[in-house]
Amino acid sequence: MVGLSDIPFVGKLVDRISDAAVDTIFRGFRYMFCYKDLVKTLDSQVEKANTEEERVSTKVAAERANGKIMEDRVFKWQKEAEEIKESAQEFAERYKNRHSWRFIQCLPIPNPVSRFRLGREAVKKTERLTELINSGKELLADEIAHPAPNENLPKSTTEFQDFQSRKDAYAELWQALTTDSSLILGIYGMPGVGKTRMMEQLWKEAKEKKIFNKVTRGNVGNEILDVIQLQEQIAGHLGCTFDSKDNAESRASQLKQCLLNAGKTLVILDDVWKEIPLDVIGIPCGDGKSPMGSKILLTSREKDACLHNNCKTPVKIKPLSNDEAWDQFSAVVGTARFNSLQEESLAKNVCKKCKGLPLLIHAVGKALKFKSLSSWEDALEQLEKGSFEKISGIDREVYFCVKLSIDQLPDDAKSCLFLCCLFNEDADIPISKLIRLATGSQLVSGESRVLSMVDTLRSSSLLLDCKKDDRIKLHDLIRAVGRSIAFKDPKFAFSQVKCDVQLLDVADVETTKYLRLDLDGNNIHIPDDLVFPNLHSLWILCKNDIDFSAFALEGRFFSMSSNLRFLYVEGGLSYPPKLPFTTLQSLGKLRTLVLDCCDLSQVTHINNKNVGFFPENLQTLCILYGIFLDPLDLSKLKYLQKLEITGEGLRIMPNTISSLSRLEELHIPHGFEIWRDDSSAVAKPILAEINNLTHLKSLQIQFKISEPLQNSNIFHKLKLFNISVRQRWLGFENADLSYKTSVELEDYHEESLNSLIKKAEYVSLKRTDINVISNIFDSNREAFTELRKLYIEECNKMEYLARMSQGEIQHSQQTSFSNLTCLEIKKCSGLRYLFCNSVAKCLTQLQKLIIRNCPAMEAIVMNDGSSKGDIIHFPNLEELELSKVPRLSSFCSENKDAMMQPSAQFQPLFHNMVEFPSLKDLKIKNVKDTSDI
């Protein structure tokens, strides 16, 4: 008989079911009859698990002590171990407190179900503990922790304060950081002004708002660029480890790929002094591979450093306002401390001396926070002296921070800065005066070089701008450090002495090269044996109305300074001192003499042929606003190359100017008269003497209308000129002498100066009833290429300024008026329009256009026929005023004929033929119709 087991497939299934059934039965019997052994095995595994957990906990504690961060799997294992242990403990409690397990309570028959469950649970818990012990061993075999990553955030010693004066700069930077397309951004400003702190705040906010995937930073510094070190700093913030230790090129490739892999990144380069080779370091720099939105942020003390690194619009950080400075100072010191000083004014005076520099405010405030009243008084005294590094407790890094900036300057820039340091605190320093001091002392060669160094100092934030463009200012902190360097450095050896009783210490006398001597009092004592062996430049400032007759200065003073090359004597307009010298002949090495606001009326030898007042070897003579009685005779100064005299009523002896055959610069902007013995005699023409100066290159002078100016060849040779022709002496009323070339004509109707007008930077015409501009332009299409400012008033015969015919347009390479920035037209009754549209298209630099009281004007620009609907752009025009122009119907007319038709169709004043994208100030009064403007 065949059973089910004889069928192959069914047979195997029956065998497997049978085996499983047998295993289950025997496992059940084991649970029931061996449960005590199973519980003992569980207890043994619990002890092993406790040992393993202790080993893991010990290793975790050691790694934590080393500042490492645990792997997540460690916490998971510990949590699982705790749960299993608690479960095993609960089982042990139940086993210990179990009741008599009897099937029938009155009979000694065990309960098989309870024993089965007990044994089965013990086995399962044992298996879990075994797995836990094995995984613990595997855990300890590997690393269970990793080092904490570098915190990629700035660590500042001070909290960033959102000052009102910084909000615009911060907003501009943040806008550029988050939305602008520019790759490279820049922050610049003077030392201690808060550049790095603002950069750190930008970094922190960008990190918090997750603007960038990665932010990294490197400090460049002023030394020779250490590419390896800079790469190391940048990589450290990215978690990048270089394969090569010293191959900069290989490291650059790796760093570049690291930055590209990171995606949108911000690379901060702090303390930049010069152009940085980004590709050599390994920073992607706009090669098309950089992720969109990546940025490079520079901080520097110099604007030029930002510009050289392709930062188009660097943002300047300025000092704090007085109120902001006081708020910061109060926050550092604490208002409660001010109460103990008895008067708050002392603290405010200390704060003012910090001049709005957060670094200095914080350093001084921290140093004085717990100091006594006497310490505060001493600190104020040291700050007034400029010796802030001597304040007890102040960080000398503040001093060296500024000194470092000065040390990096070229010598010419240092000389200009040190000269500025000799001016009084908070003084507005005239650039013209700085030029005289720098060039006269031969510390700097040439006016253009001084101006270049001023620009260098401005861009380095070591000089500040003033309200007037022709003046500069010096921060007290820079002044203090600059004086300290200038007075100690033997290369410069500057000195400044306030002299009322004694002059100088002997040690200073031996080393001084450049001396500013402030005379203040009538009891000045000069030792007989005093000698300045190295003194080459002397600046004497007469601070009060000094009576020089009270002491004998002349003989001893100039015998002790026999090597003097430069002498600058300065008085004041309200108290011009009488010169204490009867002659300067003994100063044989003197080359430059400047007499500023001095009274020369009692100098008896000024025109004495036998004695003479001025040294004959003098090369430069400047007499600024002097007082004269006698006419000047300078004919003995055969070596004179520059003569500058300002002030009214100047008379000069005949043949004096013509005898100065080496003269290259003649600057007498208020004009002069040639002296006549007989009042009835005809005055000798000034130009006749000037024509003899064959080396003349620069001329500043005012002529009277009566002065014949024809037949002069001297005008064609001039490179620099400021010439005014007027009815009476008024000086340069509208001209700014910062223009190197200018012409002012008033009531003058000749054409003798046309050659100068066409190449001038500034032209002013008043009541000049000739078409000067239009005539010159008609005859010379390349005229007015340098013209920057044009002022015209009451020139009633002028119909237009400049136009071109249709035929000339195709052949002209015209650049006329391309540099014009300011155009003012007033009271010109015949003027109908200014330019044809071909000329108007050249006015790309025009910033200011003012037209007032021109009753005949019908349009500003007239279509010459070349326009085919082209739009005329005035891209830089910011200020436009049209006042009292009642016939003005359109800014840009269709054509000249249409202007003449009274029935011409009306157009809006501004229409689609003209655009002013930069216009900020628009004033319109008394025009024909403003309804459709």
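Residues numbered from 1 in each chain as written. Predicted model: local features only at pLDDT ≥ 70, side-chain atom pairs only at ≥ 80, totals over all residues. Heavy atoms only, no water.

1. Let's talk about the overall build of the chain
Okay, step 1: Scanning the chain from terminus to terminus reveals 30 helices and 36 strands.
Okay, step 2: Counting the 933 residues in the chain, one finds 49% classified as buried.
Okay, step 3: Here the analysis covers contacts within the chain between residues at least 6 apart in sequence; of these, 66% occur between residues at least 24 apart.
Okay, step 4: With an accessible surface of roughly 46,000 Å², the chain has 48% of that area assigned to carbon and sulfur atoms. (Helix = DSSP H or I, 4+ residues; strand = E, 2+ residues; numbered from the N terminus. Buried < 20%, exposed > 50% of the residue type's maximum accessible area, 1.4 Å probe, protein only. Contact = heavy atoms within 4.5 Å. Areas by Shrake-Rupley, 256 points an atom, 1.4 Å probe, with all protein chains shown as cover.)

2. Describing the sheet that holds strand E34 (residues 890-893)
Okay, step 1: The three strands are arranged E29-E31-E34 in an open sheet whose pairing can be described as parallel. The two strands at the open ends of the sheet, each matched to only one other strand, are strand E29 (835-836) and E34.
Okay, step 2: Two elements, E29 and strand E31 (residues 859-862), share two bridges in a ladder whose sense is parallel. Along E31, the bridge assignment pairs Cys836 with Met862. (Pairing = 2+ DSSP bridges.)

3. A short note on the sheet that holds strand E12 (residues 471-473)
Okay, step 1: Reading across from one edge, E10-E12-E11 is the order of the three strands in this open sheet, with antiparallel pairing throughout. The open sheet has two edge strands, strand E10 (429-430) and strand E11 (464-465), and neither has a second partner.
Okay, step 2: Where E10 lies against E12, two bridges are found, and the strand directions are antiparallel. The residue of E12 that forms the bridge with Ile429 is Ile472.

4. Topic: the nonpolar core
Okay, step 1: Judged by nonpolar contacts, the single largest core of 118 residues is most densely connected at Ile690, Phe817, Leu834 and Phe874.
Okay, step 2: A per-element tally of this core places helix H27 (residues 772-779) first, with four residues.
Okay, step 3: Beyond its immediate chain neighbours, meaning those up to four positions away, Phe817 contacts Ile773, Phe777, Phe784, Leu787, Ala802, Phe835, Val839, Cys842 and Leu843.
Okay, step 4: With 89 residues, the next largest nonpolar core counts Phe212, Trp376, Ile406 and Cys416 among its residues. (Core = buried A, V, L, I, M, F, W, Y, C linked by side-chain atoms within 4.5 Å.)

5. Some thoughts on the packing of helix H18 (residues 431-440) against helix H19 (residues 447-459)
Okay, step 1: Packing of H18 against H19 leaves a shortest axis separation of 10 Å and a crossing angle of 120 degrees. In this structure, H18 meets H19 at a crossing whose hand is right-handed. Here H18 contributes Ile431, Leu434, Ile435, Ala438 and Thr439 to the contact with H19, which in turn contributes Glu447, Val450, Leu451, Val454 and Arg458.
Okay, step 2: Tallied by class, residues from the contact of H18 with H19 come to seven nonpolar, one polar and two charged. (Axes fitted to C-alpha atoms, helices over the stretch in contact; angles between N-to-C directions. Left-handed = near helix turned anticlockwise from the far one by under 90°. Nonpolar A, V, L, I, M, F, W, Y, C, P; charged D, E, K, R; others polar.)

6. Re H27
Okay, step 1: Taken residue by residue, H27 has Val772, Ile773, Ser774, Ile776 and Phe777 as its buried positions.
Okay, step 2: Turning to H27, the residues buried within the fold contact helix H26 (754-757), strand E26 (762-766), strand E27 (789-793) and helix H29 (837-840).

7. Quick word on the packing of aromatic side chains
Okay, step 1: Scanning all chains against the criterion turns up 18 aromatic pairs.
Okay, step 2: Ring centres of Phe784 and Phe817 lie 5.3 Å apart, and the angle between their planes is 20 degrees; on these two criteria the pair is classed as stacked. Taken together, the positions of Phe784 in the loop between H27 and E27 and Phe817 in the loop between helix H28 (806-809) and strand E28 (822-826) put the pair 33 residues apart, joining distant regions of the chain. The residues Phe784 and Phe817 share a single accessibility class, namely buried.
Okay, step 3: Pairwise contacts between aromatic rings join Phe418, Phe492, Phe494 and Tyr514 into one cluster.
Okay, step 4: Cation over ring: Arg251 sits above Phe242, and NZ or CZ is 4.0 Å from the ring centre. (Phe/Tyr/Trp six-rings, centres within 6.5 Å; stacked < 30°, edge-to-face > 60°. Lys NZ or Arg CZ within 6 Å of the ring centre and 35° of its normal.)

8. A word on a negative patch on the surface
Okay, step 1: A grouping of Glu80, Glu82, Glu83, Glu86, Glu90, Glu127 and Glu131 is seen on the molecular surface, where their side chains present a negatively charged patch.
Okay, step 2: When residues of the negative patch are traced back to their parent elements, those giving at least two are helix H3 (72-96) and helix H4 (112-141).
Okay, step 3: Take the negative patch: its biggest share by element is five residues, from H3.
Okay, step 4: Considering the arrangement of structural elements, one finds Glu86 in helix H3. (Patch = residues over 30% accessible without salt bridge, like charges linked within 9 Å, V, L, I, M, F, W, Y side chains within 5 Å. Salt bridge = Lys/Arg side-chain N within 4 Å of Asp/Glu carboxyl O. Lys, Arg positive; Asp, Glu negative; His and termini not counted. Charge placed at Lys NZ, Arg CZ, Asp CG, Glu CD.)

9. Side note on the pairing of strand E17 (residues 592-596)
Okay, step 1: Burial analysis of E17 places five of its five residues in the buried class, which makes it a mostly covered element.
Okay, step 2: Alternating positions in E17 separate into two faces, Thr592, Val594 and Asp596 on one and Leu593 and Leu595 on the other, with burial throughout.
Okay, step 3: As paired strands, strand E16 (residues 566-570) and E17 are joined by five bridges and run parallel to one another. Bridged to Val569 within E17 is Leu595.
Okay, step 4: Relative to strand E18 (residues 620-624), E17 runs parallel, the two sharing five bridges. Bridged to Thr592 within E18 is Thr620.

10. Examining the confidence of the model for the chain
Okay, step 1: Here the chain averages 78 in pLDDT, and 77% of its residues register 70 or above.
Okay, step 2: The low-confidence segment residues 897-906 (pLDDT under 50) makes 11 contacts with residues lying over four places distant or belonging to another chain. (pLDDT = per-residue confidence, 0-100.)

11. Observations concerning the pattern of salt bridges
Okay, step 1: Scanning the entire structure with this criterion turns up 28 salt bridges.
Okay, step 2: Put simply, Arg55 and Glu52 hold a salt bridge, and the shortest N to O gap is 3.3 Å. You can see Arg55 and its partner Glu52 sitting in helix H2 (residues 35-65), three residues apart, about one turn around the helix.
Okay, step 3: The class of Arg55 is partly exposed, set by a relative accessible area of 43%.

12. Concerning the environment of Leu709
Okay, step 1: For Leu709, the position within the fold is in the loop between strand E23 (698-704) and helix H25 (714-717).
Okay, step 2: For Leu709, a relative accessible area of 1% corresponds to the buried category.
Okay, step 3: Taking the C-alpha atoms as reference, Leu709 lies 9.2 Å from Ile686; in sequence the two are 23 residues apart.
Okay, step 4: Once residues within four sequence positions are removed from consideration, Leu709 is found in contact with Leu687, Phe703, Phe715, Val725, Tyr748, Ser752 and Leu753.

13. Details of helix H13 (residues 344-353)
Okay, step 1: Listed in full, the buried residues belonging to H13 are Leu346, Ala347, Val350, Cys351 and Lys353. Taken around the axis of H13, the buried residues stretch over an arc of 160 degrees, which confines them to a single face.
Okay, step 2: Positive phi appears at Lys355, one or two residues downstream of H13, with a value of about 55 degrees. (Arc of directions from axis to C-beta.)

14. Brief notes about the environment of Glu858
Okay, step 1: Structurally, Glu858 can be placed in the loop between strand E30 (848-852) and E31.
Okay, step 2: In sequence terms Glu858 and Phe891 are 33 residues apart; their C-alpha atoms lie 8.2 Å from each other.

15. A short note on unusual backbone geometry
For residues besides glycine, phi is generally negative; the peptide bonds are generally trans as well.
Okay, step 1: One non-glycine residue, Gln442, adopts positive backbone phi at about 65 degrees.
Okay, step 2: Relative to the helices and strands, Gln442 is located in the loop between H18 and H19.
Okay, step 3: Of note in this structure, Phe817 is not a glycine but carries a positive phi near 65 degrees.
Okay, step 4: For Phe817, a relative accessible area of 0% corresponds to the buried category.

16. Here we look at the environment of Leu360
Okay, step 1: Structurally, Leu360 is set in helix H14 (residues 358-368).
Okay, step 2: In this structure, the C-alpha to C-alpha distance between Leu360 and Phe329, residues 31 residues apart in sequence, is 9.8 Å.

17. Side note on the packing of helix H7 (residues 227-236) against helix H8 (residues 248-262)
Okay, step 1: Two elements in contact, H7 and H8, have axes whose closest approach is 10 Å; the angle formed by their N-to-C orientations is 25 degrees. Judged by the angle between their axes, H7 and H8 are roughly parallel. When the axes of H7 and H8 are compared, the crossing they make is left-handed. Only Ala248, Arg251, Ala252 and Leu255 of H8 make contact with H7, whose side of the interface consists of Val227, Ile228, Gln231, Glu232, Ile234 and Ala235.
Okay, step 2: Grouping the amino acids of the contact of H7 with H8 by side-chain chemistry returns seven nonpolar, one polar and two charged. (Parallel < 35°, antiparallel > 145°, perpendicular 65-115°, else oblique.)

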